[in-house]
Amino acid sequence: MTVDHRRQFLREFLRDPFTVAAVAPSSQALANAVVAPVPLTGDPVVVELGPGTGAFTQAIQRRLAGRGHHVAIEINERFADLLAGRFPCVDLAIADARNLREILTVRGLDHADVIVSGLPWAAFTPGRQDELLAAVTAVLAPHGAFTTFAYAHTRWMPPARRLRHSLGERFEEVVRGRTERANMPPAFVYSCRRPYTPARRATTGLPPHLSWRRPTRTLQVTRPPNR
C-alpha cells in the first residue's frame, strides 16, 4: 500500500467517516487472515464487499493467481476508480452490497463460494446490518465461508456486540481469530461457515450455535474486467 493510497483513504474518511469508519487501510497481516478461506485450487467465485483502496483485493488476487471469478462491490466511486486502475482483472461493481443477489445475477452467477467483507459494521444501523447479512447468507453456498473483521477497541460497543450476535444467528459456526496488533487499530477476524437458511432451520429445528473456538496459529454501475 503506497503512501498515496493511505492519503486517499484518510481523505475519504474525513469526507464520510460513517461510511469509511477507519483512518488507514488494513494491514497485510489482517488481510491475510481475512482472505484465508479463498482456496488455492479450483475456480471459486469470490465476492469482496467494501474493498476500499484494495488491501484485501490484493491478497485475494494473490491467492487466486488468475483463477476463478473475483467480484468486488464498492459504493464509493473514488475508491472504485482507484481499484479499477490497480486491479483491471477484478470484476468491479459500483453498488450497494445489499443488492448482492442482483449483482451476481446479472453476471450469470447464482452463488458465492467465499465472501470477504471490509465493510464498517460498527458504523451501520441495526437495520442495515441485518439487510447486509441477509444478502450474504442468501447467496453464500452451503459449503462456503464468510469472513469479516472488527476492531478490538470497539468489541464491547453496542454495534459490535450486535454484529457478533447476528453472526451467531445466521451461521452454525463463527470462529473469532487472534487480534492482529500490527493493524491500526488492532483488529480480529470472524470466520463464519454453514449459513442458516429458513428451509434449513425448519428442517433441523436446531437453534443457532455460536462457536468461540480460537484457531490454531495458523441498480448499479458496473465495470467489466479487462481480460
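Structural notes, computed from the coordinates. (Residues numbered from 1 in each chain as written. Predicted model: local features only at pLDDT ≥ 70, side-chain atom pairs only at ≥ 80, totals over all residues. Heavy atoms only, no water.)

Contact geometry of helix H7 (residues 126–139) with helix H8 (residues 158–170) gives a least axis separation of 11 Å together with a crossing angle of 30°. With respect to their mutual orientation, H7 and H8 come out roughly parallel. The handedness of the crossing between H7 and H8 comes out as right-handed. On H8, the residues that touch Pro126, Gln129, Asp130, Leu133, Ala134 and Thr137 of H7 are Pro159, Arg162, Leu163, Ser166, Leu167 and Arg170. Tallied by class, the residues present in the contact of H7 with H8 amount to 6 nonpolar, 3 polar and 3 charged. (Axes fitted to C-alpha atoms, helices over the stretch in contact; angles between N-to-C directions. Helix = DSSP H or I, 4+ residues; strand = E, 2+ residues; numbered from the N terminus. Parallel < 35°, antiparallel > 145°, perpendicular 65-115°, else oblique. Left-handed = near helix turned anticlockwise from the far one by under 90°. Contact = heavy atoms within 4.5 Å. Nonpolar A, V, L, I, M, F, W, Y, C, P; charged D, E, K, R; others polar.)

So, about the pairing of strand E7 (residues 187–195). As paired elements, strand E5 (residues 140–151) and E7 share 7 bridges and run antiparallel to each other. Bridging from a neighbouring strand, Phe146 pairs with Cys192 of E7. Relative to E7, strand E6 (residues 171–176) is paired through 5 bridges, and the arrangement is antiparallel. Each bridged residue has a counterpart across the sheet, and for Val175 the counterpart in E7 is Ser191. (Pairing = 2+ DSSP bridges.)

With that out of the way, let us pick up the nonpolar core. Core analysis: the largest hydrophobic core is formed by 32 residues, its most contacted members being Val47, Leu49, Ile73, Leu100, Ile115, Phe146 and Leu167. Tallying contributions element by element places H7 first for this core, with 5 residues. When sequence neighbours within four positions are dropped, the list of residues in contact with Val47 reads Val71, Ile73, Leu100, Leu104, Ala112, Val114, Ile115 and Val116. Grouped together as the second largest cluster of nonpolar side chains are 17 residues, Val38, Val46, Ala55 and Leu64 included. (Core = buried A, V, L, I, M, F, W, Y, C linked by side-chain atoms within 4.5 Å. Buried < 20%, exposed > 50% of the residue type's maximum accessible area, 1.4 Å probe, protein only.)

Next up on the list: unusual backbone geometry. With a phi angle near 50°, Ala65 is a residue other than glycine that sits in the positive phi range. If you trace the backbone, Ala65 turns up in the loop between helix H4 (55–64) and strand E2 (69–74). Under the relative-accessibility criterion, Ala65 is labelled exposed at 61%. With phi around 55°, Arg194 is a residue other than glycine that occupies positive phi space. By the element assignment, Arg194 lies in strand E7. On the basis of relative accessibility, which here comes to 34%, the residue Arg194 falls in the partly exposed class.

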